[in-house]
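Below are the chains, spelled out letter by letter.
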Amino acid sequence: MRIRLPGGEYTLREPVTWPVHGAGPTGARVVYAAAHVVADPLGDNTPGAPAAVDWAATLRFRRHLWSYGLRVADAMDTAQRNMGLDWAATRELITRSAGEAREFGDPAELVACGAGTDHAPGADTVQAITDAYAEQIDTVQATGAGVIIMASRQLARTATGPDDYHRVYGKLFGLAGRPVILHWLGEMFDPQLAGYWGSRDVEAATESFLELIHANAAMVDGVKVSLLDEDHEVRLRAALPRGVRLYTGDDFNYPSLIKSGSHALLGIFDAIAPAAAAALRALSAAESASDEQLRTRNLALYDEIFGPTVALSRKIFETPTFHYKTGIVFLAWLNGHQEAFSMVNGAQSARSITHLAEVFRLADQAGLLSDQELAVRRMTALLAVNGL
């Protein structure tokens, strides 16, 4: 198949069929795909309007992720928290997602949801921020889902140093009924989170972060780190208490980080779930192999599957990184998971047509256009709307 893209005609590769594995684990790692929400194409999702969500398509996409054996991280930045998904829609998403997970198994094992302070933008004291967090933690726990404590813009703005972070999070650990995941989201994903954990110096912030974790290790399932710094993540992983997982959030370097021991909680896995599941099973087979040749062969397969996805991910997450959600939703549309390329807050306009055309090409190179005829038809229509 061929399509005329900006820059010339492109010939698509031979299609790839990825195996569906069911709801079982992906092997040696605990892996979450951070999932997007599907906007209602007939809703008023103009910038600043309350989010109008297509709930049927949104839940269908979560079933798609579970069908490949991935867990779902919901109501996080990939779902446009702080970028269009208001608290009313977020609360409904948490409830619906956890309810849908019951069809597959235990919601606590299959879905973890973000708890933050975005519904209280005016919170400007440690107590007010703690109360805001507590409300969202209660909402998540009431559904049976796991809790991810998201980074708070309000805390980043209000805190005067590491002690304020420790006071807030220390109280939150006391409210949680089971271990939680902590999220360190870098300022490339949200500039309003600069200086999180009490310092703009990453090493000083890391020291504060580790002090908090070591003091509360029994209540920390793991830490999700999205700083796009591979060396820093490896050092942090080695410094964590035994039993506390490092969930890589590095959408640039995930293959090497997962191979070397990180678990994963990644937005790119929303888009590359079929390939990710296959790669992770190859890694599991390699790590459990008693025969060195079999181990080597499966590691090579892991690299072969994941390799082409890295260029795709780096394109989707290129600067300004926080607009990566547009590429994620674009691929969901190309692959037929939703009927319209539309987003809450009108965010489908955040990337150029040349950017999206390159995402199309790289997705094809990675074998991630599940129905090439549909993808070409939709890409051609989008190009036409843009005068090409």
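A quick note: this is a predicted structure, and the numbers were derived from the prediction, not measured.

A. Helix α10 (residues 268–288), seen in detail. For α10, spanning 21 residues, the distance from its first C-alpha to its last is only 26 Å, which falls clearly below the expected 30 Å at 1.5 Å a residue. In the structure, α10 departs most strongly from a straight axis at P274, where the bend amounts to approximately 70 degrees. For α10, a buried count of 16 out of 21 residues is recorded, marking the element as mostly surrounded by other parts of the structure.

B. Representation of the nonpolar core. Within the largest apolar cluster, 127 residues are counted, with the highest numbers of intra-cluster contacts made by Y169, L182, Y196, F269, F360 and M379. With 13 residues, the single largest contributor to this core is α10. When neighbours within four sequence positions are excluded, L182 is seen to be in contact with I149, Y169, F173, F209, L212, I213, V220, G222, V223 and K224.

C. A look at the packing of aromatic side chains. Across all of its chains, the model carries 20 aromatic pairs by this definition. Ring centres 5.7 Å apart and planes at 50 degrees place the aromatic pair Y165 and W197 in the tilted group. Of this pair, Y165 sits in helix α6 (residues 162–175) while W197 sits in the loop between β7 (180–185) and α7 (202–215), and the two are 32 residues apart along the sequence. Taken together, a centroid distance of 5.4 Å and an interplanar angle of 80 degrees make the contact between Y254 and F306 edge-to-face. Of this pair, Y254 sits in helix α9 (residues 254–260) while F306 sits in helix α11 (residues 292–316), and the two are 52 residues apart along the sequence. Owing to a relative accessible area of 1%, F306 belongs among the buried residues under this scheme. Connected via pairs of aromatic rings, a cluster forms that spans Y133, Y165, Y169, W184, Y196, W197 and F209.

D. Region of interest: the pattern of salt bridges. Tallied over the full model, the rule gives 16 salt bridges. As a salt-bridge pair, R62 and D74 come within 2.6 Å of each other at their nearest N and O atoms. Of this pair, R62 sits in helix α1 (residues 55–67) while D74 sits in strand β4 (residues 71–74), placing them 12 residues apart in sequence. Take D74: its relative accessible area is 0%, and that puts it in the buried class.

E. Main features of the pairing of strand β8 (residues 220–226). Extensive coverage of β8 is indicated by the burial of 7 of its 7 residues. Pairing between β7 and β8: 6 bridges, direction parallel. Within the sheet, the bridge partner assigned to L185 lies in β8 and is S226. On the question of chirality, the crossover connecting β7 to the parallel β8 by way of α7 is right-handed.

F. Examining the packing of α1 against α10 more closely. As a packed pair, α1 and α10 sit with axes 9 Å apart at the nearest point and diverge in direction by 45 degrees. In terms of orientation, α1 and α10 fall into the oblique class. As α1 runs across α10, the sense of the crossing is left-handed. When α1 is examined against α10, the residues F61, H64 and L65 are found in contact with a partner set consisting of F269, D270, A273 and P274. Class assignment for the residues of the contact of α1 with α10 results in 5 nonpolar, 1 polar and 1 charged.

G. Geometry of unusual backbone geometry. Here the bond from T319 into P320 is cis, since omega is -5 degrees, no more than 30 degrees from zero. Along the chain, P320 falls in the loop between α11 and α12 (324–334). For N82, which is not glycine, the phi torsion reads 65 degrees and is therefore positive.

Reading the values: the criteria
Each chain has its residues counted from 1, following the order in which its sequence is written. This being a predicted model, a pLDDT of at least 70 is required before a residue's local features are given, and a value of 80 or more before pairs of side-chain atoms are given or counted; all residues contribute to the totals for chains, interfaces and linings. No hydrogens and no water enter the side-chain calculation; it runs on all heavy atoms of the structure. Helix and strand definitions here come from DSSP, where helices need a minimum of 4 consecutive H or I residues and strands a minimum of 2 consecutive E residues; each element is numbered from the N-terminal end. Expected span, for any helix, means 1.5 Å times one less than how many residues it has. Two axes enter the bend calculation: one fitted to the seven residues ending at the residue in question, the other to the seven starting there, and the bend is the angle between them. Residue exposure (1.4 Å probe, protein chains only): buried if accessible area is under 20% of the type maximum, exposed if over 50%, otherwise partly exposed. In these notes, a set of buried Ala, Val, Leu, Ile, Met, Phe, Trp, Tyr and Cys residues joined through side-chain atoms within 4.5 Å is what counts as a nonpolar core. Note on contacts: a residue pair qualifies if any of its non-hydrogen atoms lie within 4.5 Å across the two residues. Working definition: a ring pair exists when centres of Phe, Tyr or Trp rings (six-membered ring for Trp) sit within 6.5 Å. Plane angles under 30 degrees give stacked, over 60 give edge-to-face, the rest tilted. Any Lys or Arg side-chain nitrogen located within 4 Å of an Asp or Glu carboxyl oxygen qualifies as a salt bridge. Here a strand pair is declared whenever DSSP counts at least two bridges between the two strands. By convention, a crossover is right-handed whenever its connection, traced from the first strand over the helix to the second and viewed with the strands pointing away, goes clockwise. Convention adopted: a line fitted to C-alpha atoms gives each axis, helices being fitted over their contacting stretch, and angles between N-to-C directions are expressed from 0 to 180 degrees. Oblique is the label for any angle not under 35 degrees, not over 145, and not in the 65 to 115 range, which are roughly parallel, roughly antiparallel and roughly perpendicular in turn. Whether a crossing is left-handed or right-handed is set by the direction in which the near helix is turned from the far one by less than a right angle, anticlockwise for left-handed and clockwise for right-handed. Three categories are distinguished: nonpolar for Ala, Val, Leu, Ile, Met, Phe, Trp, Tyr, Cys and Pro, charged for Asp, Glu, Lys and Arg, and polar for the others, with Gly belonging to the last.

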